[in-house]
Amino acid sequence: MSINLFAIIASFGGGIIGATLGALPAITLWGLIVLYASVASVVTGNQDIFATIAFNPAFGPQVVYGGAIGSLTYAWKKGVVPSGLDILKPLASFNRADVMIAGGIFGVLGYLISEVAAPWPTDNIAISVVATGWLARLLWDRDWLKSRRVDGEVESCWPSRRELLNQIVFGAGIGIASSHATIAIGSPFIVFGFALMALLFIQMGFNLSPFHHIAVIASLIAVTGNGTPTAYLWAVIVSIILGIANNIIFKLWIPKTNSYIDPPVTCIAIGASIISALTSLGWL
């Protein structure tokens with residue numbers, strides 16, 4: 001853990017950047033940064049370049065994306081926006097300093113949580129984004145679970161047979177393609193950046209299923225397992241698990257709420273924990 005005052009101050013500014021852009025535009029722009037940083041690290045052979053560029057307080061999702069989500073939930077609570085799920089909306093246009101400040105505060109919280117969680121056997125950046133999302137929900141959308149009840153019971157979040165089959169095929173396809181591309185290129189984050197950039201199509205109005213959570217975990221499994229057949233097999237298995245998990249988490253956490261907790265980012269945290277477990281057991 002390496003918390004310092006200058007990074008905290010910078011994180012406040014990064015959170016304001018997130019609120020300014022809006023959640024989805026911020027994470028899509030980060031995809032471009034990930035691509036640039038990945039290519040730079042491969043070309044120079046300096047792996048530290050990637051972390052320095054992609055996860056600093058001005059660009060990192062733990063700050064910018066976490067700040068955007070926190071400010072959006074706050075803006076909904078204050079009646080600035082009609083829905084706390086409108087992650088496409090830039091918030092700077094409302095001329096509300098309090099919304100910008102909320103983004104800055106959540107940016108600082110995102111940075112602090114990511115630093116505290118750094119030693120944990122998971123993805124500390126993903127954990128940070130999920131944690132700040134839950135904090136915003138608990139502060140300003142406390143009735144989220146009640147709104148999902150029908151006749152006193154929470155609606156089922158289990159996918160239908162058709163959805164389940166689709167997620168199996170979807171996960172397996174993304175997993176094997178990402179694994180192969182990663183081994184060929186030598187960097188798991190170039191594929192990740194490409195997948196994040198695909199979120200631009202959602203911003204444009206297309207009904208695209210995000211796949212960056214599957215792409216990055218499959219790529220990391222392939223690299224961790226040195227491209228062996230076993231690594232490819234685990235990449236496909238875990239990709240299928242994450243495809244199904246994303247569907248379940250979305251149904252459980254998002255509909256009929258007004259606070260967004262990112263299901264793909266949650267799946268990245270789950271996938272990173274699986275990688276840690278597979279490595280500890282010697283199965284990868």
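Everything quoted here is computed from the prediction, not taken from an experiment.

Asker: Give me unusual backbone geometry: which residues, what numbers.
Answerer: Glycine aside, the phi torsion of most residues is negative, and most peptide linkages are trans. Not every positive phi belongs to a glycine, and Asn-95 is a case in point at roughly 55°. With respect to the helices and strands, the residue Asn-95 is situated in the loop between α4 (64–77) and α5 (97–116). Look at Asn-226: it is not a glycine, yet its phi comes out positive at around 60°. Within the element layout of this structure, Asn-226 appears in the loop between α10 (212–224) and α11 (229–253).

Asker: A description of the nonpolar core should follow, citing residues and the corresponding values.
Answerer: With 61 residues, the main nonpolar core has Trp-30, Tyr-65 and Ile-217 as its most contacted residues. It is helix α2 (residues 23–44) that contributes the most residues to this core, seven residues altogether. Tyr-65 has contacts with Ala-23, Ile-27, Gly-60, Val-129, Tyr-260, Asp-262 and Val-265, leaving out every residue within four places of it along the chain.

Asker: Kindly report on α2, identifying the contributing residues and their values.
Answerer: With 22 residues, α2 ought to run about 32 Å at 1.5 Å a step, and its terminal C-alpha atoms sit 31 Å apart, in line with that. Note on α2: the residue one or two positions beyond its end, Gly-45, has a positive phi of about 75°.

Asker: Break down the state of the cysteines for me, with residues and values.
Answerer: By the definition in use, this model includes zero disulfides. We note that Cys-157 lacks a disulfide partner, and the nearest cysteine sulfur, in Cys-267, lies 12 Å from it. Using a relative accessible area of 0% as the deciding quantity, one classes Cys-267 as buried.

Asker: Explain the packing of helix α1 (residues 5–21) against α5 residue by residue, including any values.
Answerer: Across the interface, α1 lies against α5 with an axial gap of 6 Å and an inter-helix angle of 130°. Between α1 and α5, the crossing angle belongs to the class labelled oblique. When you trace α1 past α5, the crossing you get is right-handed. Of the residues in α5, those in contact with Ala-7, Ile-8, Ser-11, Phe-12, Gly-15, Ile-16, Ala-19 and Thr-20 of α1 are Val-99, Met-100, Ile-101, Gly-103, Gly-104, Ile-105, Gly-107, Val-108, Tyr-111 and Leu-112. Classifying every residue of the contact of α1 with α5 by side-chain character gives twelve nonpolar, six polar and no charged.

Conventions adopted
- For every chain, the first residue of the written sequence is number 1, and numbering continues from 1 onward in sequence order.
- The predicted nature of this model means local features are confined to residues of pLDDT at least 70 and side-chain atom pairs, given and counted, to a pLDDT of 80 or more, with totals for whole chains, interfaces and linings taken over all residues.
- Computation of side-chain values covers all heavy atoms of the structure but excludes hydrogens and water.
- What counts as a helix is a DSSP run of H or I of at least four residues, what counts as a strand is a run of E of at least two, and both are numbered from the N terminus.
- Only buried Ala, Val, Leu, Ile, Met, Phe, Trp, Tyr and Cys residues count toward a nonpolar core, and they belong to the same one when joined by side-chain atoms within 4.5 Å.
- Note on exposure labels: buried denotes an accessible area under 20% of the residue type's maximum, exposed denotes more than 50%, and partly exposed covers the range between, all computed with a 1.4 Å probe on protein chains only.
- In this description, contact between two residues means that some pair of their heavy atoms is separated by no more than 4.5 Å.
- Multiply 1.5 Å by the residue count of a helix minus one, and that product is the helix's expected span.
- In plain terms, two cysteine sulfur atoms within 2.5 Å form what is called a disulfide here.
- A fitted line through C-alpha atoms serves as each axis, taken over the contacting stretch for helices, and the angle formed by two N-to-C directions is quoted from 0 to 180°.
- By definition in this entry, angles of less than 35 degrees are roughly parallel, angles greater than 145 are roughly antiparallel, angles of 65 to 115 are roughly perpendicular, and the rest are oblique.
- Crossings are classed by handedness, with left-handed meaning an anticlockwise turn of the near helix from the far one by less than a right angle and right-handed meaning a clockwise turn.
- Polar here means any residue other than Ala, Val, Leu, Ile, Met, Phe, Trp, Tyr, Cys and Pro, which are nonpolar, and Asp, Glu, Lys and Arg, which are charged; Gly is therefore polar.

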